[in-house]
Amino acid sequence: MPRAARLRGLKPDWLRDPKVWRTEVLAGLVVALALIPEAISFSIIAGVDPAIGLFASFTMAVTIAVVGGRRAMISAATGAVALVIAPLNREHGFGHLVAAVILAGVFQVVLGAVGVAKLMRFVPRSVMVGFVNSLAILIFMAQVPEMRDVPWAVYPLIIGGLALMVFFPKVTTVIPAPLVSIVVLTVVTVAAGIAVPTVGDKGALPSSLPVPGLPDVPFTLDTLTTIAPYAFAMALVGLMESLMTAKLVDDITDTHSSKTRESIGQGVANIVTGFFGGMGGCAMIGQTMINVKVSGARTRLSTFLAGAFLMVLCIVFGPVVSDIPMAALVAVMIMVSFATFDWHSIAPRTLRRMPAGEITVMVITVACVVATHNLAVGVVAGSITAMVVFAKRVAHLAEVTAVTDPDGTTVVYRVTGELFFASVGDLVGRFDYAGDPAKVVIDLSAAHVWDASSVAALDAIGTKYAQRGKAVEITGLNDPSARLHGRLSGELTAGH
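Residues numbered from 1 in each chain as written. Predicted model: local features only at pLDDT ≥ 70, side-chain atom pairs only at ≥ 80, totals over all residues. Heavy atoms only, no water.

Enquirer: Quick one: what's the story with the overall build of the chain, residue by residue and with numbers?
Expert: Within the chain, the regular secondary structure consists of 20 helices and six strands. Projected onto the principal axes, the alpha-carbon positions of the chain cover approximately 100 × 65 × 60 Å. The buried share of the chain, taken over its 496 residues, is 51%. Within the chain, residue pairs in contact and separated by at least 24 positions form 84% of the contacts whose partners lie at least 6 positions apart. Working note: accessible area of the chain is about 22600 Å², and carbon and sulfur atoms make up 66% of it. (Helix = DSSP H or I, 4+ residues; strand = E, 2+ residues; numbered from the N terminus. Buried < 20%, exposed > 50% of the residue type's maximum accessible area, 1.4 Å probe, protein only. Contact = heavy atoms within 4.5 Å. Areas by Shrake-Rupley, 256 points an atom, 1.4 Å probe, with all protein chains shown as cover.)

Here it is in structure tokens:
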């Protein structure tokens, strides 16, 4: 292959294709505009100056664009992280908050290195659907305060913004519809002098770049014990939201991403953010959906530019950005909420065909997230419910049938299904210890022994027959079951 062709193959998509470059740049600009009010709002939740949230969004996005595992995903200051660290800031001060962000990043790097991302395989589809739907609901609910007790002009502006985003793509998709909506509504409100809430009303924008430094805390064991619980909680919540969001983007783009690299990358981004005095963060589902689903971005460039544009907009174009009506951004987020919700999952035809257990898991996931405003709580609750539903379903699959030889000297019990703690509870009672002949064969060729509870149940059956002077032979064990049975049989009762 010629050297020039090889070099072209090494270039990223946005360098090879001007259309991709344009899409990524415009997507990054739209996301940056949407990040500003959110970052300021999350700063208020955490109890810190608005600039702290904006700095965190800048450093998180720029860093994760380089070290993250999921291309085009947006990481910045988030509400979930703000809720976790707000009590620490309130009780111990900003220095402890920054130290906790750095320690949380260290925890995430360690958790990523030891393979915590592999736990994602235990999140079932019904939980994922519940996660997506609850996310859409939370995004919409977050816009409701912006529509209460506001001038009447806010409502036609929101409707106009939604109309632009619905119909403008029918004219052209060269420029993202959300960007057009934001620009048009801003021009209308400024030119007509319409008095409505603006981005500037949320708080002052920073006028300079953040500078690195160490957290202002005593480097003692007492400080470590104070920040460690908050840091670990932040690490877990951040990783869970980031990995779930990465999986969602994988599905949308039909591409694979390294969840291990993403976990470690989130940690590195939080460490960098902490040293620059930011409040930390994780993946942002709303802004990620704007970037990937609405704007069509697919590369790291959009993520990097979202952070870079954020600072440029704040420092260079602060007065202009401050005039953007909140109604424009509310319209964008409502459109994101609508596009994010999995409407197929609640269609009557789908619900009629879906097993009741799957629907229950989805509903519990949504209910827990909406009630707590914490995506991690909903995912954990939904996953536990799914495990219980699965265990209950599989527990009924263990069946026992008995066949006695014509000569009456042997009975063969054929056991079918999965043998584990939930299915062996009544297994011992399925045998006729008094009426069976002297030789009993338990055929497990159609069964699988999964745990110690199953081995203990088989031992109990053997003991009951032995007490009556009858011999038991277990046959048909597959290799994994035979190894487990051989290792534990006879070792699970007192006295051994």
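Enquirer: Go over unusual backbone geometry, please, and point to the residues and values.
Expert: The backbone of Ala72 shows a phi angle near 75°, a positive value even though the residue is not glycine. Here Ala72 lies in the loop between helix H4 (50-67) and strand E1 (75-76). Positive phi outside glycine occurs at Asp254, with the angle close to 55°. As for its placement among the helices and strands, Asp254 is situated in the loop between helix H10 (221-253) and helix H11 (259-275).

Enquirer: Which residues make up the side chain of Thr189, and what values do they have?
Expert: Within the secondary structure layout, Thr189 lies in helix H9 (residues 177-192). Other than its neighbours up to four places away in sequence, Thr189 contacts Leu157, Ile194, Val196, Asp323 and Pro325.

Enquirer: Give a description of the sheet that holds strand E6 (residues 471-475) that names residues and reports values.
Expert: Across the sheet, which stays open at both edges, the four strands sit in the order E3-E4-E5-E6 with mixed pairing between neighbours. Looking at strand neighbours, the two that pair on one side only are strand E3 (399-404) and E6, the edges of this open sheet. Strand-to-strand twist across the sheet, computed as the mean angle between neighbouring axes with direction ignored, equals 20°. Examined bridge by bridge, strand E5 (residues 439-449) and E6 share five bridges and lie parallel to one another. (Pairing = 2+ DSSP bridges. Axes fitted to C-alpha atoms, helices over the stretch in contact; angles between N-to-C directions.)

Enquirer: Give me the lowdown on the packing of helix H3 (residues 18-46) against helix H13 (residues 300-315), citing residues and values where you can.
Expert: For the pair H3 and H13, interaxial distance at closest approach is 7 Å and the crossing angle is 50°. Classed by the angle they form, the pair H3 and H13 counts as oblique. Read as a crossing pair, H3 and H13 show a hand that is right-handed. Facing H3, whose interface residues are Trp21, Glu24, Val25, Ala27, Gly28, Leu29, Val31, Ala32, Leu33, Leu35 and Ile36, H13 presents Leu301, Ser302, Leu305, Ala306, Phe309, Leu310, Leu313 and Cys314. Residue composition of the contact of H3 with H13, grouped by class: 16 nonpolar, two polar and one charged. (Parallel < 35°, antiparallel > 145°, perpendicular 65-115°, else oblique. Left-handed = near helix turned anticlockwise from the far one by under 90°. Nonpolar A, V, L, I, M, F, W, Y, C, P; charged D, E, K, R; others polar.)

Enquirer: An account of helix H20 (residues 479-488) is requested, with residue identities and associated values reported.
Expert: Those residues of H20 that fall on the buried side of the exposure criterion are Ser481, Leu484, His485 and Leu488. The buried residues of H20 occupy one face: seen down the axis, they fall within an arc of 95°. Among the exposed residues of H20, those pointing more than 90 degrees away from its buried face are Asp479, Arg483, Gly486 and Arg487. Elements in contact with the buried residues of H20: E5, helix H19 (452-466) and E6. Following H20 by one or two positions, Gly490 adopts a phi angle in the positive range, close to 85°. (Arc of directions from axis to C-beta.)

Enquirer: How would you explain the packing of aromatic side chains if you had to name every residue and give the values?
Expert: Evaluated as defined, the whole model comprises eight aromatic pairs. Arranged with centres 5.2 Å apart and planes meeting at 85°, the rings of Phe420 and Phe421 form a pair that is edge-to-face. The class for Phe420 is buried, based on a relative accessible area of 12%. We classify Phe421 as exposed; its relative accessible area is 57%. Both rings, one in Phe431 and one in Tyr433, keep their centres 6.3 Å apart while their planes meet at 35°; by these two values the pair is tilted. A single burial state applies to Phe431 and to Tyr433, both of which are buried. Stacked on the ring of Tyr433, the Lys or Arg Lys464 has its end atom at 5.9 Å from the ring centre. (Phe/Tyr/Trp six-rings, centres within 6.5 Å; stacked < 30°, edge-to-face > 60°. Lys NZ or Arg CZ within 6 Å of the ring centre and 35° of its normal.)

Enquirer: Hey, could you go over the state of the cysteines for me, with residue numbers and the actual values?
Expert: Considering all chains together, one arrives at zero disulfides under this definition. No disulfide involves Cys282; its sulfur sits 19 Å from that of Cys368, the nearest cysteine. Here Cys314 is not disulfide-linked; the sulfur of Cys282 is the nearest cysteine sulfur, at 20 Å. (Disulfide = S-S within 2.5 Å.)

Enquirer: I'd like a description of the pairing of E3, backed by residues and values.
Expert: Strand direction decides the pairing type here: E3 and strand E4 (residues 410-419), joined by six bridges, are antiparallel. Pairing of Val403 across the sheet is with Val412, part of E4. Connecting E3 to the next strand, E4, in antiparallel fashion are five residues, including Gly408 with a positive phi near 75°.

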